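Read off the chains here:
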Amino acid sequence: QFDNASLPQIMKSVEMLGFEKCYEVAVGADMVANTEYAELKEHKEAGLPLTTSCCPGFVNMLKIHFPEQYEKNKSTTLSPMMALAKKLKHDHPDYGIVFIGPCVAKKQEAMEGATSVDYVLTFEELVALFAARGIQPSQITIDHPEDYPSNYGRDFAHSGGVAAAVAQACKECGDEPFTSFAANGASECKKQLMLMKFGKFNFDVLEGMCCEGGCIAGPGTIQDAATVRGRMTKENKETDQKTISESLDLFKVKDFDIHIK
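All figures in this text were calculated on a predicted structure; none of them were measured in a lab.

Trainee: Explain the packing of aromatic side chains here, please?
Mentor: Using the criterion set out here, one finds 3 aromatic pairs in the structure. Here Phe-181 and Phe-203 contribute two aromatic rings whose centre-to-centre distance is 5.6 Å and whose plane-to-plane angle is 55 degrees, an arrangement assigned as tilted. Highlighted residues: Phe-181 in strand S4 (residues 180-184) and Phe-203 in the loop between helix H10 (186-197) and strand S5 (205-209), separated in sequence by 22 residues. A relative accessible area of 32% means that Phe-203 is categorised as partly exposed. With centroids separated by 5.4 Å and ring planes inclined at 50 degrees, the aromatic side chains of Phe-201 and Phe-203 adopt a geometry described as tilted. Its relative accessible area of 9% is what places Phe-201 among the buried residues. Put simply, the rings of Phe-181, Phe-201 and Phe-203 touch in pairs and so form one group of aromatic residues. Positioned over the ring face of Tyr-23 is Lys-21, at 5.9 Å from the centre of the ring. Sitting over the ring of Tyr-148, Lys-242 keeps its end group 3.5 Å from the ring centre.

This is the structure:
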(Lines give C-alpha, C1' and ligand atoms only; values in the text may rest on other atoms or scores of the structure.)
Protein backbone atom coordinates (compact mmCIF):
# COMPACT_ATOMS: atom_id res chain seq x y z
CA GLN A 1 0.00 0.00 0.00
CA PHE A 2 2.91 2.36 0.66
CA ASP A 3 5.24 3.29 -2.18
CA ASN A 4 8.97 2.85 -1.51
CA ALA A 5 8.38 1.53 2.02
CA SER A 6 9.19 -2.00 3.12
CA LEU A 7 6.85 -3.98 5.35
CA PRO A 8 9.23 -3.71 8.36
CA GLN A 9 9.27 0.08 7.88
CA ILE A 10 5.46 0.19 7.83
CA MET A 11 5.17 -1.99 10.93
CA LYS A 12 7.68 0.20 12.78
CA SER A 13 5.71 3.28 11.68
CA VAL A 14 2.54 1.78 13.16
CA GLU A 15 4.34 1.24 16.48
CA MET A 16 5.50 4.89 16.38
CA LEU A 17 1.83 5.91 16.50
CA GLY A 18 1.72 4.54 20.05
CA PHE A 19 1.10 0.82 19.59
CA GLU A 20 3.10 -1.60 21.72
CA LYS A 21 3.60 -4.12 18.91
CA CYS A 22 2.57 -4.62 15.27
CA TYR A 23 2.02 -8.13 13.89
CA GLU A 24 1.49 -9.26 10.31
CA VAL A 25 -2.01 -10.76 9.97
CA ALA A 26 -0.59 -13.36 7.58
CA VAL A 27 0.34 -15.24 10.79
CA GLY A 28 -3.41 -15.62 11.34
CA ALA A 29 -3.80 -16.65 7.70
CA ASP A 30 -1.30 -19.49 8.18
CA MET A 31 -3.32 -20.57 11.22
CA VAL A 32 -6.51 -20.52 9.14
CA ALA A 33 -5.01 -22.50 6.24
CA ASN A 34 -3.90 -25.24 8.61
CA THR A 35 -7.25 -25.43 10.44
CA GLU A 36 -9.42 -25.21 7.31
CA TYR A 37 -7.42 -28.03 5.74
CA ALA A 38 -8.30 -30.26 8.72
CA GLU A 39 -11.93 -29.17 8.43
CA LEU A 40 -11.91 -29.86 4.69
CA LYS A 41 -11.02 -33.50 5.34
CA GLU A 42 -14.14 -33.86 7.51
CA HIS A 43 -16.32 -32.21 4.86
CA LYS A 44 -14.98 -34.47 2.10
CA GLU A 45 -15.73 -37.56 4.17
CA ALA A 46 -19.28 -36.26 4.66
CA GLY A 47 -19.65 -35.43 0.96
CA LEU A 48 -20.11 -31.70 1.62
CA PRO A 49 -18.20 -28.89 -0.09
CA LEU A 50 -16.55 -26.36 2.21
CA THR A 51 -16.97 -22.58 1.92
CA THR A 52 -14.23 -20.35 3.31
CA SER A 53 -14.84 -17.95 6.20
CA CYS A 54 -12.22 -15.23 5.67
CA CYS A 55 -14.31 -12.58 3.85
CA PRO A 56 -17.03 -11.10 6.11
CA GLY A 57 -18.98 -9.88 3.08
CA PHE A 58 -19.11 -13.42 1.70
CA VAL A 59 -20.07 -14.83 5.11
CA ASN A 60 -22.88 -12.27 5.39
CA MET A 61 -24.13 -13.30 1.94
CA LEU A 62 -24.20 -16.89 3.11
CA LYS A 63 -25.98 -16.08 6.36
CA ILE A 64 -28.65 -13.82 4.84
CA HIS A 65 -29.32 -15.35 1.41
CA PHE A 66 -28.14 -18.97 1.73
CA PRO A 67 -28.93 -20.01 5.32
CA GLU A 68 -28.85 -23.73 4.51
CA GLN A 69 -25.35 -23.48 3.04
CA TYR A 70 -24.33 -21.30 5.98
CA GLU A 71 -25.25 -24.13 8.35
CA LYS A 72 -24.01 -27.05 6.26
CA ASN A 73 -21.04 -25.81 4.27
CA LYS A 74 -19.41 -22.80 5.94
CA SER A 75 -16.06 -23.30 7.57
CA THR A 76 -16.15 -22.96 11.35
CA THR A 77 -12.63 -21.53 11.35
CA LEU A 78 -12.16 -17.92 12.41
CA SER A 79 -10.93 -15.37 9.86
CA PRO A 80 -7.20 -14.50 9.94
CA MET A 81 -8.02 -11.24 11.72
CA MET A 82 -10.00 -13.03 14.44
CA ALA A 83 -7.55 -15.94 14.69
CA LEU A 84 -4.50 -13.81 15.38
CA ALA A 85 -6.47 -11.42 17.61
CA LYS A 86 -7.67 -14.36 19.72
CA LYS A 87 -4.08 -15.55 20.21
CA LEU A 88 -2.82 -12.04 21.05
CA LYS A 89 -5.67 -11.43 23.50
CA HIS A 90 -4.91 -14.80 25.10
CA ASP A 91 -1.24 -13.88 25.51
CA HIS A 92 -1.84 -10.20 26.40
CA PRO A 93 -5.28 -9.94 28.04
CA ASP A 94 -4.76 -6.36 29.24
CA TYR A 95 -4.04 -4.95 25.78
CA GLY A 96 -6.44 -3.59 23.18
CA ILE A 97 -6.27 -5.24 19.75
CA VAL A 98 -6.55 -3.07 16.61
CA PHE A 99 -6.82 -4.57 13.13
CA ILE A 100 -5.55 -2.47 10.21
CA GLY A 101 -6.60 -3.51 6.71
CA PRO A 102 -8.38 -2.71 3.46
CA CYS A 103 -11.89 -3.78 4.48
CA VAL A 104 -14.85 -1.86 5.91
CA ALA A 105 -16.79 -5.10 6.54
CA LYS A 106 -14.12 -6.00 9.10
CA LYS A 107 -15.51 -3.18 11.26
CA GLN A 108 -18.83 -5.02 11.38
CA GLU A 109 -17.15 -8.41 11.92
CA ALA A 110 -15.30 -7.00 14.94
CA MET A 111 -18.62 -5.96 16.52
CA GLU A 112 -20.27 -9.39 16.35
CA GLY A 113 -20.51 -11.83 19.25
CA ALA A 114 -17.50 -12.67 21.38
CA THR A 115 -14.64 -10.90 19.64
CA SER A 116 -11.01 -10.29 20.50
CA VAL A 117 -10.79 -7.28 18.18
CA ASP A 118 -11.40 -3.95 19.91
CA TYR A 119 -11.04 -1.57 16.95
CA VAL A 120 -10.64 -1.68 13.18
CA LEU A 121 -8.81 0.86 11.01
CA THR A 122 -8.61 0.98 7.22
CA PHE A 123 -5.44 1.81 5.31
CA GLU A 124 -7.00 5.19 4.50
CA GLU A 125 -7.40 5.90 8.21
CA LEU A 126 -3.83 4.74 8.86
CA VAL A 127 -2.51 7.19 6.26
CA ALA A 128 -4.41 9.98 8.01
CA LEU A 129 -2.77 9.04 11.32
CA PHE A 130 0.68 9.00 9.71
CA ALA A 131 0.03 12.42 8.19
CA ALA A 132 -1.16 13.84 11.51
CA ARG A 133 2.01 12.64 13.25
CA GLY A 134 4.34 13.52 10.37
CA ILE A 135 5.46 9.88 9.98
CA GLN A 136 6.86 8.85 6.58
CA PRO A 137 7.29 5.04 6.52
CA SER A 138 9.86 5.11 3.70
CA GLN A 139 12.15 7.26 5.87
CA ILE A 140 12.11 4.99 8.93
CA THR A 141 15.35 3.21 9.84
CA ILE A 142 15.07 -0.50 10.69
CA ASP A 143 17.76 -2.11 12.85
CA HIS A 144 16.90 -5.66 11.86
CA PRO A 145 13.90 -7.23 10.10
CA GLU A 146 11.23 -8.99 12.12
CA ASP A 147 10.34 -12.66 11.77
CA TYR A 148 7.69 -13.11 9.13
CA PRO A 149 5.05 -15.73 8.21
CA SER A 150 4.78 -17.77 5.02
CA ASN A 151 4.05 -16.30 1.62
CA TYR A 152 1.02 -18.60 1.48
CA GLY A 153 -0.50 -16.69 4.38
CA ARG A 154 0.42 -13.37 2.83
CA ASP A 155 -1.27 -14.34 -0.42
CA PHE A 156 -4.66 -14.67 1.30
CA ALA A 157 -5.04 -11.02 0.30
CA HIS A 158 -5.71 -11.73 -3.38
CA SER A 159 -8.30 -13.88 -5.10
CA GLY A 160 -7.32 -17.55 -5.12
CA GLY A 161 -4.83 -17.14 -2.28
CA VAL A 162 -6.94 -18.79 0.41
CA ALA A 163 -7.58 -21.96 -1.61
CA ALA A 164 -3.89 -22.09 -2.60
CA ALA A 165 -2.81 -21.88 1.04
CA VAL A 166 -5.22 -24.64 2.10
CA ALA A 167 -3.84 -26.74 -0.77
CA GLN A 168 -0.33 -26.12 0.51
CA ALA A 169 -1.33 -27.21 4.03
CA CYS A 170 -2.76 -30.37 2.47
CA LYS A 171 0.47 -30.97 0.53
CA GLU A 172 2.62 -30.50 3.64
CA CYS A 173 0.62 -33.22 5.37
CA GLY A 174 1.03 -35.59 2.42
CA ASP A 175 -2.68 -35.86 1.68
CA GLU A 176 -4.42 -36.21 -1.66
CA PRO A 177 -5.04 -32.89 -3.45
CA PHE A 178 -8.53 -31.40 -3.55
CA THR A 179 -10.44 -29.29 -6.04
CA SER A 180 -11.34 -25.65 -5.46
CA PHE A 181 -13.10 -22.71 -7.09
CA ALA A 182 -12.17 -19.09 -6.32
CA ALA A 183 -15.28 -16.90 -6.62
CA ASN A 184 -13.85 -13.48 -7.49
CA GLY A 185 -16.38 -10.76 -6.65
CA ALA A 186 -19.87 -10.73 -5.12
CA SER A 187 -21.65 -11.66 -8.35
CA GLU A 188 -19.52 -14.77 -8.84
CA CYS A 189 -19.92 -15.67 -5.14
CA LYS A 190 -23.70 -15.58 -5.52
CA LYS A 191 -23.60 -17.66 -8.70
CA GLN A 192 -21.49 -20.40 -7.13
CA LEU A 193 -23.62 -20.47 -3.99
CA MET A 194 -26.71 -20.93 -6.15
CA LEU A 195 -25.02 -23.91 -7.81
CA MET A 196 -24.15 -25.30 -4.38
CA LYS A 197 -27.72 -24.82 -3.17
CA PHE A 198 -29.04 -26.96 -6.02
CA GLY A 199 -26.29 -29.59 -5.84
CA LYS A 200 -24.48 -28.41 -8.98
CA PHE A 201 -21.22 -27.22 -7.36
CA ASN A 202 -18.59 -29.80 -8.36
CA PHE A 203 -15.60 -28.75 -6.25
CA ASP A 204 -14.39 -29.52 -2.74
CA VAL A 205 -13.85 -25.89 -1.69
CA LEU A 206 -15.51 -22.60 -2.58
CA GLU A 207 -13.31 -19.61 -1.81
CA GLY A 208 -15.50 -16.51 -1.68
CA MET A 209 -14.27 -12.91 -1.87
CA CYS A 210 -16.76 -10.10 -2.43
CA CYS A 211 -14.20 -7.59 -3.73
CA GLU A 212 -13.05 -8.36 -7.27
CA GLY A 213 -9.35 -9.13 -7.01
CA GLY A 214 -9.62 -9.95 -3.32
CA CYS A 215 -8.74 -7.89 -0.25
CA ILE A 216 -6.10 -5.94 -2.17
CA ALA A 217 -9.04 -4.32 -4.01
CA GLY A 218 -10.91 -3.47 -0.82
CA PRO A 219 -12.68 -0.09 -0.32
CA GLY A 220 -10.21 1.05 2.37
CA THR A 221 -7.08 0.80 0.19
CA ILE A 222 -4.90 3.65 -1.04
CA GLN A 223 -3.41 1.92 -4.09
CA ASP A 224 -4.96 0.12 -7.05
CA ALA A 225 -5.01 -3.66 -6.88
CA ALA A 226 -2.67 -4.26 -9.84
CA THR A 227 0.05 -2.12 -8.27
CA VAL A 228 -0.34 -3.87 -4.92
CA ARG A 229 -0.22 -7.34 -6.52
CA GLY A 230 3.07 -6.45 -8.22
CA ARG A 231 4.57 -5.19 -4.97
CA MET A 232 3.43 -8.32 -3.14
CA THR A 233 5.10 -10.55 -5.74
CA LYS A 234 8.34 -8.60 -5.47
CA GLU A 235 8.27 -8.65 -1.67
CA ASN A 236 7.60 -12.39 -1.54
CA LYS A 237 10.55 -13.12 -3.85
CA GLU A 238 12.86 -11.45 -1.36
CA THR A 239 11.88 -13.79 1.49
CA ASP A 240 12.78 -17.41 2.03
CA GLN A 241 10.08 -19.91 1.16
CA LYS A 242 8.75 -20.88 4.59
CA THR A 243 6.20 -23.63 4.75
CA ILE A 244 2.96 -23.01 6.63
CA SER A 245 4.07 -25.50 9.28
CA GLU A 246 7.36 -23.63 9.78
CA SER A 247 5.46 -20.37 10.18
CA LEU A 248 3.17 -21.88 12.82
CA ASP A 249 6.15 -23.20 14.74
CA LEU A 250 8.00 -19.89 14.49
CA PHE A 251 5.11 -17.90 15.97
CA LYS A 252 4.12 -20.66 18.43
CA VAL A 253 0.52 -20.89 17.21
CA LYS A 254 0.40 -24.45 15.84
CA ASP A 255 -1.90 -25.98 18.44
CA PHE A 256 -3.97 -22.89 19.25
CA ASP A 257 -7.71 -23.48 18.73
CA ILE A 258 -9.25 -21.01 16.27
CA HIS A 259 -12.63 -22.63 15.68
CA ILE A 260 -15.69 -20.43 16.04
CA LYS A 261 -17.31 -21.13 19.42
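Okay, back to it.
Trainee: Is there a simple way to think about helix H5 (residues 80-91) in this case?
Mentor: Helical geometry note: an α-helix holds 3.6 residues per turn, so side chains three or four residues apart project in the same direction. Under the 1.5 Å per step criterion, the end-to-end length of H5 is 17 Å for 12 residues, consistent within 8% with the ideal 16 Å. Listed as buried for H5 are Pro-80, Met-81, Met-82, Ala-83, Leu-84, Ala-85, Lys-87 and Leu-88. Each element contacted by the buried residues of H5 is listed here: helix H2 (26-46), strand S2 (98-101), helix H6 (105-109) and strand S3 (119-122).

Trainee: Would you mind going over the packing of helix H3 (residues 56-65) against H10 with me for this structure?
Mentor: Two measures define how a pair of helices packs: the angle their axes make with one another and the distance between the axes. Where H3 contacts H10, the axes come no closer than 11 Å and their chain directions differ by 40 degrees. Here H3 is positioned oblique relative to H10, judged by the angle of their axes. As for the relative orientation of H3 and H10, their crossing is right-handed in sense. Residue-level contacts link Phe-58, Met-61 and Leu-62 of H3 to Ala-186, Cys-189, Lys-190 and Leu-193 of H10. Residues that form the contact of H3 with H10 fall into these classes: 6 nonpolar, no polar and 1 charged.

Rules used throughout
- Residues numbered from 1 in each chain as written.
- Predicted model: local features only at pLDDT ≥ 70, side-chain atom pairs only at ≥ 80, totals over all residues.
- Heavy atoms only, no water.
- Phe/Tyr/Trp six-rings, centres within 6.5 Å; stacked < 30°, edge-to-face > 60°.
- Helix = DSSP H or I, 4+ residues; strand = E, 2+ residues; numbered from the N terminus.
- Buried < 20%, exposed > 50% of the residue type's maximum accessible area, 1.4 Å probe, protein only.
- Lys NZ or Arg CZ within 6 Å of the ring centre and 35° of its normal.
- Expected span 1.5 Å × (residues − 1).
- Contact = heavy atoms within 4.5 Å.
- Axes fitted to C-alpha atoms, helices over the stretch in contact; angles between N-to-C directions.
- Parallel < 35°, antiparallel > 145°, perpendicular 65-115°, else oblique.
- Left-handed = near helix turned anticlockwise from the far one by under 90°.
- Nonpolar A, V, L, I, M, F, W, Y, C, P; charged D, E, K, R; others polar.

It is worth stressing that arrangement in space is one thing and function is another; only the former is reported here.
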